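Residue strings, one per chain:
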Amino acid sequence: MKQLIILIGLLAWGLLGKAQMTEMQLNLSEWVSDATIGVDHTVFDIGSLNDVFDGNIGSLARTPSINPLIITIEFPIPIPLIRSQILSGEYGIWTIETAATIADFDTQSGSYAINFEDASIVPDTYDEQLLDTINTQKIRMTLTRTVGDNYVHLKEWKLFGLFDLSNGLEVCPASIILAVGDQFNFDNSVNLIDANGYNFPLTESPLLQSNEESILQINGNVLTADQ
């Protein structure tokens, strides 16, 4: 059976050799799954932490009448965070605290800061707050419901940071093998990995090379080994 050996390259991203820092959304869902980051959070009776980080506004996590909802994240090394977005199902307010080290955060000293406090949220509308390029190893988000009962509904929480993608950038997997008739969706299956081991979801079409390019069909982000 004929097989395609497909090499996935980086050149199409235009990232190699860049000296400047690049804004990337933190891949929190994946980082929780592979234990890249440590997370503590208020208990949920509906949904899970994955529902908060999965990018699906149709899913949510809810507390069992515990108000506020608190999520605390520890990164293995500090990340320059620049902004954050939240999507709630109810009226509320939210606060973010950060520190450049875990010790500073835990003692609320040194680099510890309340970046913003009690920013207003309306249901089903993203609120965004800037974080002024704060170097952060530990961050805490507090979401308080202000109208109705104490069941806090959180649909999405996103963080964006600056990353040096000029050196040590890899793509995973670097190659795939497809039998004739098989399909591969690289939008959901390919990650960029920086020099510190942080991975990011694919955001643009990669450079592809194959031993059988005549039967390689590309439709959007779906590859097919055609007949």
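Computed from a predicted structure; not experimentally measured. (Residues numbered from 1 in each chain as written. Predicted model: local features only at pLDDT ≥ 70, side-chain atom pairs only at ≥ 80, totals over all residues. Heavy atoms only, no water.)

Draft legend 1. Up close: the overall build of the protein. The helix and strand tally for the protein stands at four helices and 17 strands. For the protein, buried positions account for 44% of its 227 residues. The contacts in the protein between residues at least 6 apart in sequence include a share of 75% that link residues at least 24 apart. For the protein, the exposed area adds up to about 10800 Å²; of that, 47% sits on carbon and sulfur atoms. (Helix = DSSP H or I, 4+ residues; strand = E, 2+ residues; numbered from the N terminus. Buried < 20%, exposed > 50% of the residue type's maximum accessible area, 1.4 Å probe, protein only. Contact = heavy atoms within 4.5 Å. Areas by Shrake-Rupley, 256 points an atom, 1.4 Å probe, with all protein chains shown as cover.)

Draft legend 2. Here's a closer look at the pattern of salt bridges. For the coordinates displayed, the defined rule picks out eight salt bridges. The shortest N-O distance in the salt bridge between R83 and E23 comes to 2.6 Å. Of this pair, R83 sits in strand β5 (residues 69-88) while E23 sits in strand β2 (residues 21-25); the two residues are 60 residues apart in sequence, bridging distant segments of the chain. Across the salt bridge formed by D106 and K138, the nearest N and O atoms sit 2.6 Å from each other. Of this pair, D106 sits in helix α3 (residues 102-107) while K138 sits in strand β8 (residues 127-145), and the two are 32 residues apart along the sequence. Via salt bridges that share partners, E23, R83 and E128 belong to a single interconnected network. (Salt bridge = Lys/Arg side-chain N within 4 Å of Asp/Glu carboxyl O.)

Draft legend 3. Structural context of a nonpolar patch on the surface. Among the surface-exposed residues, Y91, V122 and V147 lie close enough to one another that they form a single nonpolar patch of about 270 Å² accessible area. When its relative accessible area of 39% is taken as the criterion, V122 is described as partly exposed. (Patch = residues over 30% accessible without salt bridge, like charges linked within 9 Å, V, L, I, M, F, W, Y side chains within 5 Å.)

Draft legend 4. Representation of the pairing of β8 within the structure. Bridge analysis of β5 against β8 gives 13 bridges, and the strand direction is antiparallel. Paired with I79 across the two strands is T136, which belongs to β8. Strand direction decides the pairing type here: strand β6 (residues 92-99) and β8, joined by eight bridges, are antiparallel. Directly across from G92, in β8, lies its bridge partner R145. (Pairing = 2+ DSSP bridges.)

Draft legend 5. Broad picture of the nonpolar core. One finds I73, F75, W94, M141, W157 and L159 to be the most contacted residues of the largest nonpolar core, which totals 33 residues. When residues in this core are grouped by element, the largest group, seven residues, is from β5. Residues contacting L159, with those up to four places away along its chain left out, are M24, Q25, L26, L28, I73, F75, L81, R83, S84, L131 and I139. (Core = buried A, V, L, I, M, F, W, Y, C linked by side-chain atoms within 4.5 Å.)

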